[in-house]
Amino acid sequence: MINKIDALLQEVENLKAANAEELEALRIKYLSKKGEISSLMNEFRNVAADQKREVGQHLNKLKEVAQNKINELKASFENSQAVNDDIDLTRTAYPIELGTRHPLSIVKKEICDIFARLGFSIAEGPEIEDDWHVFSSLNFAEDHPARDMQDTFFIQHNPDVLLRTHTSSVQTRVMEKQQAPIRIICPGRVYRNEAISYRAHCFFHQVEGLYVDKNVSFADLKQALLFFAKEMFSADTKIRLRPSYFPFTEPSAEMDISCNICGGKGCPFCKGTGWVEILGCGMVDPNVLENCGIDSKIYSGYALGMGIERITNLKYQVKDLRMFSENDIRFLRQFESAN
Ligand code: DAH
């Protein structure tokens, strides 16, 4: 009996079926009530009691293998049928949609590339900062309004854990670690507690520039800024510097460029003045150098900071700041060719 069972087992293991009908015929042959396995089951009744255990094990194995084999063949038919029915190999493929670079990334890269041509290298710092790097080291007075909850996001009401309000914090981070000469450009995201509107957002992007070396002068700053303006906008762009105030630079200035929309003649964008402001700058205050361990009697430096959204608006005339963070594909696609 055992030999018979094992012979059938071998047979079953090698079963093949070319189509569903053949498979059904096999199922009937082996697994139906009148099939081969059932008839072996009937014979099992007559097996001597002392052999029942062994024969029973062989028989159960055969039954299991036969059932699995039939299921396996069935599944392979179902799969291959599905493949045949659903795939039309002559159809054209779905187009793979390509994304585009975000306009702010395009402009950030362009700003960094221009300064790279002047020997600046990129430096980055954390967005979650402390008071020292954002304010104190940069000469902000104890009662400066920027330290107020109204303007700065503090984390968990801890006045020493905050979201940076400007990328000037990266200046301190680099100067603390590195000795002069330093020539860095620091792009990054900054946060301010502002109501969101078409012209303000609670987060935006800045690029900070810093150059510290022996004998760095305001003339060097002016020349770098003129080069930047001409490269970024057009060769006939003019610049003008107006005196201003920042705690970390002395003297400080704000820079305007001739309006690149009307070419300086006056238009609604420049409010008829022919000039638009694009950045703040100045000579690094000696206190800031000293705070970071750089000898202000030997070294001097200039710094500058600009908003990437502002430059992007000027380049592409985006009228609503909110567009930059809404991820509207119809807006973003318009920058495809600028990639
Ligand atoms: N940190 C300033 C701001 O957020 C921008 C700025 C102004 C940076 C003048 C500078 C600078 O490095 O010299 O408004």
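Conventions we followed
- Residues numbered from 1 in each chain as written.
- Predicted model: local features only at pLDDT ≥ 70, side-chain atom pairs only at ≥ 80, totals over all residues.
- Heavy atoms only, no water.
- Buried < 20%, exposed > 50% of the residue type's maximum accessible area, 1.4 Å probe, protein only.
- Helix = DSSP H or I, 4+ residues; strand = E, 2+ residues; numbered from the N terminus.
- Pairing = 2+ DSSP bridges.
- Near = heavy atom within 4 Å.
- Polar contact = N/O pair within 3.5 Å; in protein donor to acceptor, adjacent residues only side chain to side chain.
- Areas by Shrake-Rupley, 256 points an atom, 1.4 Å probe, with all protein chains shown as cover.
- Nonpolar A, V, L, I, M, F, W, Y, C, P; charged D, E, K, R; others polar.
- Salt bridge = Lys/Arg side-chain N within 4 Å of Asp/Glu carboxyl O.
- Domains from an automatic or database assignment.
- Phe/Tyr/Trp six-rings, centres within 6.5 Å; stacked < 30°, edge-to-face > 60°.
- Contact = heavy atoms within 4.5 Å.

> When you look at the pairing of strand E6 (residues 203-213) in this model, what are you seeing that I'm missing?
One face of the sheet, then the other: side chains in a regular strand alternate in exactly this way. A large share of E6 lies buried, amounting to nine of its 11 residues. Bridge count between strand E5 (residues 182-191) and E6: 10 bridges; the pairing is antiparallel. In the sheet register, Arg-189 faces E6, and the bridge partner there is His-205. In this structure, E6 lies alongside strand E10 (residues 300-307), joined through eight bridges in antiparallel fashion. Bridge assignment links Gly-209 to a residue of E10, and that residue is Leu-304.

> I keep staring at the site of the ligand and nothing clicks. Help me out?
Close to the ligand lie 15 residues; His-166, Ser-168, Arg-192, Gln-206 and Glu-208 are nearest. Between an oxygen atom of the ligand and a side-chain N or O atom of Gln-206, the distance comes to 2.9 Å. Glu-208 has a polar side-chain atom sitting 2.6 Å from an oxygen atom of the ligand. For the ligand, whose accessible area on its own is 360 Å², the fraction buried by protein is 88%. Those elements that place two or more of their residues in the shell around the ligand are helix H7 (168-177), E6, strand E9 (275-284) and E10. A class-by-class count of the residues in the shell around the ligand yields five nonpolar, eight polar and two charged.

> Explain the pattern of salt bridges to me, please; I cannot follow it from the model alone.
When the charged atoms of two side chains lie near each other, side chains of opposite charge can form a pair. Enumeration according to the criterion identifies 15 salt bridges in this entry. We note a salt bridge from Lys-69 to Glu-72, for which the minimum N-O separation is 3.9 Å. In this pair, Lys-69 and Glu-72 are both assigned in helix H4 (residues 49-86), three residues apart and thus about one turn of the helix distant. Asp-256 is paired through a salt bridge with Arg-240; the nearest N and O atoms lie 2.9 Å apart. Within this pair, whereas Asp-256 is found in strand E8 (residues 249-258), its partner Arg-240 is found in strand E7 (residues 239-246), the two being separated by 16 residues in sequence. You can call Arg-240 partly exposed: its relative accessible area is 33%. Within this structure, Arg-240, Arg-242, Glu-254, Asp-256 and Glu-277 form a network of salt bridges that share partners.

> How should the sheet that holds strand E3 (residues 154-155) be read in this particular structure?
In sheet architecture, strand pairing relies on hydrogen bonds along the backbone and comes in two forms, parallel and antiparallel. Reading across the sheet, the three strands line up as E2-E4-E3 and stay open at both edges, with antiparallel pairing between neighbours. Unpaired on one side and paired on the other, strand E2 (128-129) and E3 mark the two borders of the sheet. Relative to strand E4 (residues 158-163), E3 is paired through two bridges, and the arrangement is antiparallel. Paired with Phe-154 across the two strands is Leu-162, which belongs to E4.

> For this particular structure, what's the right way to read the domain arrangement of the protein?
Looking at the protein, the domain boundaries give domain 1 (2-85) and domain 2 (103-338). When each unit is reduced to the centre of its C-alpha atoms, the spacing between domain 1 and domain 2 is 78 Å.

> Please explain the packing of aromatic side chains as it appears in this structure.
Any two aromatic rings considered together are summarised by their centre-to-centre distance and by the angle between their planes. Taken as a whole, this structure holds 11 aromatic pairs when the rule is applied. On the numbers, 5.2 Å between centres and 25° between planes, the contact of Phe-115 with Phe-228 is stacked. Of this pair, Phe-115 sits in helix H5 (residues 103-116) while Phe-228 is found in helix H8 (residues 218-232), placing the two residues 113 residues apart along the sequence. The exposure classification of Phe-115 matches that of Phe-228, with both residues buried. An angle of 25° between the planes, with centres 5.8 Å apart, marks the rings of Phe-246 and Phe-248 as stacked. By relative accessible area, Phe-246 is classed as partly exposed at 21%. Overall, the relative accessible area of 10% leaves Phe-248 in the buried class.

> What's the story with the environment of Ser-38 in this structure? I'm lost.
Residue position: Ser-38 is located in helix H3 (residues 36-44). Exposure remark for Ser-38: the relative accessible area of 21% places this residue in the partly exposed category. Put simply, Ser-38 and Lys-63 are 25 residues apart on the chain and 9.3 Å apart in space, counted from C-alpha to C-alpha. Not counting residues within four places of it along the chain, the set of residues in contact with Ser-38 comprises Ser-32 and Lys-33.

> I tried to follow unusual backbone geometry on my own but got confused; where do I start?
Outside of glycine, negative phi angles account for most residues, and trans bonds account for most peptide bonds. Looking along the chain, the bond that leaves Ala-180 and enters Pro-181 is cis, with omega of 0°. In the segment running from Glu-250 into Pro-251, the intervening peptide bond is cis, with an omega of -5°. Mapped onto the secondary structure, Pro-251 falls in strand E8. With phi around 75°, Asn-139 is a residue other than glycine that occupies positive phi space. Tracing the sequence through the fold places Asn-139 in the loop between helix H6 (131-134) and E3. For Asn-139, a relative accessible area of 25% corresponds to the partly exposed category. Despite not being glycine, Gln-317 has its phi angle at roughly 50°, a positive value. Here Gln-317 lies in the loop between helix H10 (308-316) and helix H11 (329-332).

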